[in-house]
Amino acid sequence: MAVLKTITSPVDLKRLPAELLETLAEEIRAFLVERVSRSGGHLGPNLGVVELTLAIHRVFDSPNDTVVFDTGHQSYVHKLLTGRQDFEGLRTRGGLSGYPSRDESEHDVVENSHASTSLSWAEGIARGYHLRGEDRHAVAVIGDGALTGGMAWEALNNIAANKNLPLVIVVNDNERSYSPTIGGLADHLAMLRTNRQYEQVLDWGKETLHRTPFVGRTAYQAFHSMKKGAKDFWAPQGMFEDLGIKYVGPVDGHDEASVEQALRRAKSFGGPVLVHVITQKGRGYDHACNDVADQFHTVGKINPETGLPLEIAGRSWTDEFSDEMLDLGRERNDIVAITAAMMMPVGLKPFADAYPERIIDVGIAEQHATTMAAGLAFSGMHPVLAIYATFLNRAFDQLLMDCAMHKAGVTFVLDRAGVTGPDGASHHGMWDMSLVSIVPGLRLAAPRDGQQIRRALREAVDVDDGPTVIRFPKGSVAEPLEAIATTDGLDVLAGDHESDPEVLIVSVGSMAGTATTVAEKLGAEGHDALVVDPRWVLPVPDGVVELARRAGRVAVIEDNNVAGGVGAEVSRALEDAGVAVPVHRFGLPKEFLGHASRGQVLEAAGLTPEPIVERLRTQM
Ligand SMILES: Cc1ncc(C[n+]2csc(CCOP(=O)(O)OP(=O)(O)O)c2C)c(N)n1
Ligand SMILES: CC(=O)[C@@H](O)[C@H](O)COP(=O)(O)O
Ligand SMILES: [Mg+2]
């Protein structure tokens, strides 16, 4: 790593002789494989942007120029070049974030890991620089996957109308999101890519004619004017130019000099330019390139020699959903599955293999997915839209106004709900129950184990007069937790529901283990606790209100934002019913919670048995 060690900032990189860039790229790839194999992370995406990131930091002057990475998972190389080469604690508490972080560096601006936002960020930044008369560029690096997101097209529409924006859009086209990127855009990018041969023919023509004395120049002028005409004839101009945005490319994204040349052309253009860069996800590491599933989009800890995982994960919450979805697909041909470019991570691959005509991958387009699902429901199908909980945020209006207001029988399956951990603040699925709690007619289930996922999914797809939501966390599924009784449709997990409890504990989803442990600890101190799991937690079941009437106090334990979550809804329901008992809400704080392990985040939030018991003890 002799060369990499000399790079402490983009200034060092600019000073580096061009002949050392290839060595530097090799060292960066070796570093990424060695370090990310140990920590886990986005290995494939970062291996694909080595030369691209080198070129960006040699052409532009960060932080005077602003570089924005879309989704941000491909910013490891950027971090290496901007003074952060200690990757030991990557994505762990106290270590580097796996995304850009303003706390880490002045070179980082957008920390948000939600895709398709970079062009909007960059346009705003560029407009500001232009209005302030500052000679600064905004550079957005957006993947072909992120480019399928609606926000990106809203931004392109605006950018195209602003001819003097100091803005360079770099499309990092590796033909993949996780799986191959879908849709008309992907086809269009493929058409542009095939032009590469076309461009190479023309470049040959230019060089040859330039070397031809006298007639060469005239011939070249004729050739060049033909090129424009021919290009339109042979290869229709890309839609970007038709939209009004200068298009440069396609460029070999692993030829650092070519990328630099293209970026310099774009920088000097004086208006918005889109540079189309062709890269390979996982470049330089065969195990990644050959990984059919997602080219090592995200890896856990792996053996760098073999590329094989070092940790074998147990059965996950996702597996429970995936298996039941497959069974349902067999039993009901009205069930349609929808994914937003995450077929495998959300567990829909088996369903897709079995029922290819009933799986829809919309790309990174959760808003479209949600309203399209309302359309599917209207046409007589029952759509099951599986996305990560945090990404539902983006489709809230579509959920509210297209699904709920039209009483559409759509089932949302929210994976990665609650605390995810290493992906940090914009990935924790801690907003969904606060958001959906205000949606009229919506029903939400929070299963406590695999059996409850299966049960809730079957119940959900039988609801055709409004949206249903099922949410569960990341990782290994909880051990089965059987109810010891049921009362008023509520599962009793601990205590005697026929007596009047000192404290009624309402357990939400995967917090069941914590809730029953709290009850045990309270019981050992002589406090009588009753633990119930409503299963369908929103709207708040009447049974909870009736039990609260007989309780001394109520505690609600949930892995959701405590603001607006189930606890808040229980408080509101008791108030509406005139039940005046104290309600103690245990949830995640209304904060952006940084990256750490799931256990560490829950502990820091006080969502473990001891602090809950402690707080209740002081109240009783
Ligand atoms: C709104 C949103 N939906 C889904 C995701 C999950 N996600 C993270 S990266 C990714 C694929 C991105 O593909 P691309 O933009 O082409 O970047 P690449 O990984 O190929 O470099 C997806 C779907 C996300 N981060 N944000
Ligand atoms: C960047 C992004 O949104 C995804 O790649 C995410 O990091 C994957 O998370 P999981 O590892 O939980 O599937
Ligand atoms: Mg891609």
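Residues numbered from 1 in each chain as written. Chains lettered and ligands numbered in written order. Predicted model: local features only at pLDDT ≥ 70, side-chain atom pairs only at ≥ 80, totals over all residues. Heavy atoms only, no water.

> Would you explain the sheet that holds strand E17 (residues 553–561) in this entry?
Backbone hydrogen bonds are what pair the strands of a sheet, in a parallel or an antiparallel way. Strands sit in the order E12-E13-E15-E14-E17-E18 across an open sheet of 6 strands; the sheet is mixed. Because the sheet does not close on itself, it has two edges, and the strands there are strand E12 (485–487) and strand E18 (583–588). Across the sheet, the mean angle separating the axes of adjacent strands is 30° when strand polarity is ignored. Across the sheet, helix H21 (residues 542–549) is in contact with E12, strand E13 (490–494), strand E14 (503–507), strand E15 (529–533) and E17; its angle to E14 comes to roughly 160°. (Pairing = 2+ DSSP bridges. Helix = DSSP H or I, 4+ residues; strand = E, 2+ residues; numbered from the N terminus. Axes fitted to C-alpha atoms, helices over the stretch in contact; angles between N-to-C directions. Contact = heavy atoms within 4.5 Å.)

> Could you clarify how one ought to interpret the domain arrangement of the protein in this entry?
In many reports, interface size means the accessible area that the parts give up when they come together. By domain assignment, the protein separates into domain 1 (4–195 + 235–296), domain 2 (317–471) and domain 3 (487–617). Once you take the C-alpha centre of each, domain 1 and domain 3 turn out to be 45 Å apart. (Domains from an automatic or database assignment.)

> I'm lost on the site of ligand 1 in this one. Help?
Taken together, 22 residues lie around ligand 1, and His73, Gly145, Ala146, Lys281 and Glu366 are the ones closest in. Taking alanine 146, its main chain carries an N or O atom lying 2.8 Å from an oxygen atom of ligand 1. Taking arginine 176, its main chain carries an N or O atom lying 2.8 Å from an oxygen atom of ligand 1. Calculation on ligand 1 without its partners gives an accessible area of 580 Å², and the protein chains cover 98% of this total. (Near = heavy atom within 4 Å. Polar contact = N/O pair within 3.5 Å; in protein donor to acceptor, adjacent residues only side chain to side chain. Areas by Shrake-Rupley, 256 points an atom, 1.4 Å probe, with all protein chains shown as cover.)

> Is there a simple way to think about the pairing of strand E8 (residues 382–388) in this case?
Within a regular strand, the side chains alternate between the two sheet faces. Burial of E8 is extensive: 7 of the 7 residues sit out of reach of the surface. The alternating pattern of E8 places His382, Val384, Ala386 and Tyr388 and Pro383, Leu385 and Ile387 on opposite faces, both of which are buried. When strand E6 (residues 335–339) meets E8, the two strands line up parallel, connected through 5 bridges. Bridging from a neighbouring strand, alanine 337 pairs with valine 384 of E8. Both E8 and strand E9 (residues 411–415) contribute to a ladder of 5 bridges, which runs parallel. (Buried < 20%, exposed > 50% of the residue type's maximum accessible area, 1.4 Å probe, protein only.)

> When you look at the sheet that holds strand E2 (residues 138–143) in this model, what are you seeing that I'm missing?
Spatially, E1-E2-E3-E5-E4 is the arrangement adopted by the 5 strands of the open sheet, whose pairing is parallel. For this open sheet the edge positions go to strand E1 (66–69) and strand E4 (246–252), each flanked by a neighbour on one side alone. Taken over all neighbouring pairs, the strand axes of this sheet differ in orientation by 20° on average, direction set aside. One ladder, built from 5 bridges, connects E4 with strand E5 (residues 273–278); its direction is parallel. Residue valine 251 lies in a different strand from E5, and its bridge partner there is valine 277.

> Is there a simple way to explain the UniProt feature "binding site: thiamine diphosphate" (unreviewed entry) in the protein in this structure?
When the UniProt feature table is mapped to this numbering, "binding site: thiamine diphosphate" (unreviewed entry) covers His73, Ser113, His114, Ala115, Gly145, Ala146, Asn174, Tyr285 and Glu366. For the residues just named, distributed over 294 residues, the greatest C-alpha separation reaches 31.7 Å, placing them at more than one site. Tracing the chain through its elements places serine 113 in the loop between helix H5 (76–81) and helix H6 (118–131). Look past the residues within four positions of serine 113 in its chain and what remains in contact with it is Thr71, Tyr99, Ser426 and His427. Within the structure, the side chain of serine 113 is placed 2.6 Å from the side chain of serine 426, a separation counted as a polar contact. Positionally, histidine 114 belongs in the loop between H5 and H6. Look at histidine 114 and you get buried, because its relative accessible area is 11%. Residues contacting histidine 114, with those up to four places away along its chain left out, are Thr390, Phe391, Asn393, Arg394 and Ser426. (UniProt positions renumbered as here; feature names shortened; annotations may be inferred.)

> Would you take a moment to explain the coordination of the magnesium ion (ligand 3) for this structure?
Working reference: metal with six octahedral donors, ideal angles 90 or 180 degrees; metal with four tetrahedral donors, ideal angle 109.5 degrees. Only Asp144 (OD), Asn174 (OD1) and Arg176 (O) from the protein coordinate the magnesium ion (ligand 3), and they sit 2.0 to 2.2 Å from it. Overall, aspartate 144 belongs to the buried group, its relative accessible area being 2%. You can call asparagine 174 buried: its relative accessible area is 10%. (Donors = N, O, S within 2.8 Å, 3.2 Å for Na, K, Ca; no water.)

> Which parts of the structure should I look at to understand the packing of helix H15 (residues 366–378) against helix H17 (residues 396–404)?
Between two packed helices, what matters for the description is the angle formed by their axes and the separation of those axes. Interhelical geometry of H15 versus H17 gives an angle of 10° and a closest axis separation of 9 Å. In terms of orientation, H15 lies roughly parallel with respect to H17. Two secondary-structure elements touch here, H15 through Gln367, Thr370, Thr371 and Ala374 and H17 through Gln398, Leu399, Asp402 and Cys403. (Parallel < 35°, antiparallel > 145°, perpendicular 65-115°, else oblique.)

> Can you help me understand the environment of threonine 608 in this one?
As for its position among the elements, threonine 608 is in the loop between helix H23 (598–604) and helix H24 (609–619). Using a relative accessible area of 24% as the deciding quantity, one classes threonine 608 as partly exposed. Here the alpha-carbon distance between threonine 608 and valine 518, two residues 90 residues apart in the chain, equals 8.6 Å. For threonine 608, the contacting residues outside a window of four places in its chain are Thr514, Leu602 and Glu603.

> Is there a simple way to explain the site of ligand 2 in this structure?
Ligand 2 sits among His42, His73, Tyr99, Tyr178, His297, Thr298, Tyr388, Phe391, Arg416, Asp423, His427 and Lys474. Here an oxygen atom of ligand 2 sits 2.8 Å away from a polar atom, N or O, in the side chain of histidine 297. One nitrogen or oxygen atom from the side chain of lysine 474 is found 2.9 Å from an oxygen atom belonging to ligand 2. The residue makeup of the shell around ligand 2, split by class, is 4 nonpolar, 5 polar and 3 charged. Formed jointly, the shell around ligand 2 draws a minimum of three residues from each of two domains, domain 1 (4–195 + 235–296) and domain 2 (317–471). (Nonpolar A, V, L, I, M, F, W, Y, C, P; charged D, E, K, R; others polar.)

> Explanation requested: the pattern of salt bridges in the structure shown.
Any two side chains of opposite charge can pair, so long as their charged atoms come close to each other. Counted under the stated rule, the structure contains 50 salt bridges. Where aspartate 61 meets lysine 14, a salt bridge forms, and the shortest distance between an N and an O atom there is 3.2 Å. You can see aspartate 61 sitting in the loop between helix H4 (50–59) and E1 and its partner lysine 14 sitting in helix H1 (residues 10–15), a full 47 residues away along the chain. With its nearest N and O atoms 3.1 Å apart, the salt bridge here joins arginine 550 to aspartate 500. One end of the pair, arginine 550, is in the loop between H21 and E17; the other, aspartate 500, is in the loop between E13 and E14, with 50 residues separating them in the sequence. The class for arginine 550 is partly exposed, based on a relative accessible area of 31%. Residue class for aspartate 500 comes out exposed when judged on its relative accessible area of 52%. (Salt bridge = Lys/Arg side-chain N within 4 Å of Asp/Glu carboxyl O.)

> It is not clear to me how the side chain of serine 37 should be interpreted in this structure. Could you clarify?
Tracing the backbone shows serine 37 in helix H2 (residues 21–39). Within the structure, the side chain of serine 37 is placed 2.3 Å from the backbone oxygen of valine 33, a separation counted as a polar contact. Setting aside residues up to four positions removed in sequence, serine 37 forms contacts with Leu32, Gly300, Lys301, Ile302 and Pro304.

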